[in-house]
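# Fold and contact review
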Amino acid sequence: GNSVTQMEGPVTLSEEAFLTINCTYTATGYPSLFWYVQYPGEGLQLLLKATKADDKGSNKGFEATYRKETTSFHLEKGSVQVSDSAVYFCALADNQGGKLIFGQGTELSVKP
Amino acid sequence: DVKVTQSSRYLVKRTGEKVFLECVQDMDHENMFWYRQDPGLGLRLIYFSYDVKMKEKGDIPEGYSVSREKKERFSLILESASTNQTSMYLCASSDRGFFYGYTFGSGTRLTVV
């Protein structure tokens, strides 16, 4: 079945460091891919998405490119801030009903 | 601003109680979902609904049921609460074209004692 695997956390970085959170997926067909962010005490918010191969999603300085050949959707940011501290979830939506399947989440902690 | 509203942020219930978690969305979305979130396990789908009075089991439906009598409201029911149902519960909704992803509520942290 479809699945999403994220790198394990927690990830601890200093402010202005480069961020990569790896995400790979297993799916039949051509799923849509998403990154969600959960700030402390809140629900999940959509951060960015890509719906076909080679699409690049971007928002708030974060980027991720849909790589079908490596079945990956890695999240990157060039310079993280303390306010980026949160849990990040990679997810895919299959083409048979649109249910989102989530990875286990990666906690990011950014220190000043 | 569009919203998914969950009725309680924190809830404490006793073992064996019947528990209702309410979720309301104001976006006229067709699809609604209930997930539970546990450390190290991510989000797991409990039930979902693509239309009024329609429901489908997700990956972990045991011990839960749902009700969707109106389009905007999707209720999760714990028939007889147990301590292993202590968790964060997240409701979400989406339109029929799922390409825009889901809108989530803020979550209900349920503790069963």
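Structure shown above.
These figures come from a predicted structure and were not determined experimentally. All residue numbers refer to positions counted from 1 along the written sequence of the respective chain. Written order determines the labels here, with chains lettered from A and ligands numbered from 1. Totals for whole chains, interfaces and linings use all residues, but because this is a predicted model, local features are given only for residues with pLDDT of at least 70 and pairs of side-chain atoms are given and counted only at 80 or more. Side-chain metrics rest on all non-hydrogen atoms present in the structure, leaving aside hydrogens and water.

## Thoughts on the interface of chain B and chain A
Put simply, the test is: In what follows, residue pairs with any heavy atoms lying within 4.5 Å of each other are defined as contacts. Two parts placed together each lose some accessible area; with a 1.4 Å probe, that loss summed over both constitutes the buried area. By salt bridge we mean one thing: a side-chain nitrogen of Lys or Arg within 4 Å of a carboxyl oxygen of Asp or Glu. The term polar contact refers here to a pair of N or O atoms within 3.5 Å; inside protein, the definition further demands a hydrogen-donor-capable atom paired with an acceptor-capable atom, and it admits residues adjacent in sequence only when both atoms are side-chain atoms. Think of it this way: any DSSP run of H or I at least four residues long counts as a helix, any run of E at least two long counts as a strand, and we number them from the N terminus.
In this complex, chain B contributes 20 residues to the contact, which on the side of chain A involves 22 residues. Taken together, the two surfaces of chain B and chain A that pack against each other cover about 1,600 Å², and 60% of this comes from carbon and sulfur. Run the count over chain B and chain A and you get 0 salt bridges. Connecting chain B to chain A are 5 residue pairs in polar contact (both at pLDDT 80 or more). A per-element tally of the side of chain B that touches chain A places strand β6 (residues 42–49) of chain B first, with 4 residues.

## Quick notes on the nonpolar core
Nonpolar side chains tend toward joint burial in soluble globular proteins. The condition that has to hold: Here, the term nonpolar core denotes a set of buried Ala, Val, Leu, Ile, Met, Phe, Trp, Tyr and Cys residues that are joined through side-chain atoms within 4.5 Å. A 1.4 Å probe rolled over the protein chains alone gives each residue an accessible area, and that area as a share of the maximum for its type sets the label: buried under 20%, exposed over 50%, partly exposed in between.
One finds Trp35, Leu47, Leu48, Phe73, Leu75 and Tyr88 of chain A to be the most contacted residues of the largest nonpolar core, which totals 26 residues. Counting residues per element, this core draws most heavily on strand β10 (residues 86–93) of chain A, at 4 residues. When near neighbours in sequence (up to four residues on either side) are disregarded, Phe73 of chain A contacts Cys23, Leu33, Phe34, Trp35, Leu48, Lys49, Ala50, Ala64, Thr65, Tyr66 and Cys90 of chain A. Of all hydrophobic cores here, the second largest spans 21 residues; its members include Val19, Ile46, Tyr47 and Ala81 of chain B.

## Structural notes on the state of the cysteines
Linking two cysteines covalently through their sulfur atoms gives a disulfide. Applied cut-off: Cysteine sulfur pairs qualify as disulfides if the two atoms are within 2.5 Å.
What the rule picks out here adds up to 2 disulfides over all chains. Each sulfur in the disulfide pair Cys23 of chain A and Cys90 of chain A lies 2.0 Å from the other. Across the S-S bond linking Cys23 of chain A and Cys90 of chain A, the dihedral sits near -70 degrees, which makes this disulfide left-handed. Highlighted residues: Cys23 of chain A in strand β4 (residues 23–26) and Cys90 of chain A in strand β10, separated in sequence by 67 residues. Between the sulfur of Cys23 of chain B and that of Cys91 of chain B lies a disulfide, 1.9 Å long from S to S. Around the S-S axis, the bridge from Cys23 of chain B to Cys91 of chain B shows a dihedral of about -75 degrees and counts as left-handed. With a gap of 68 residues between them, Cys23 of chain B in strand β4 (residues 23–25) and Cys91 of chain B in strand β10 (residues 87–94) connect regions that are remote in the sequence. Taken as a pair, Cys23 of chain B and Cys91 of chain B share a single burial class, namely buried.

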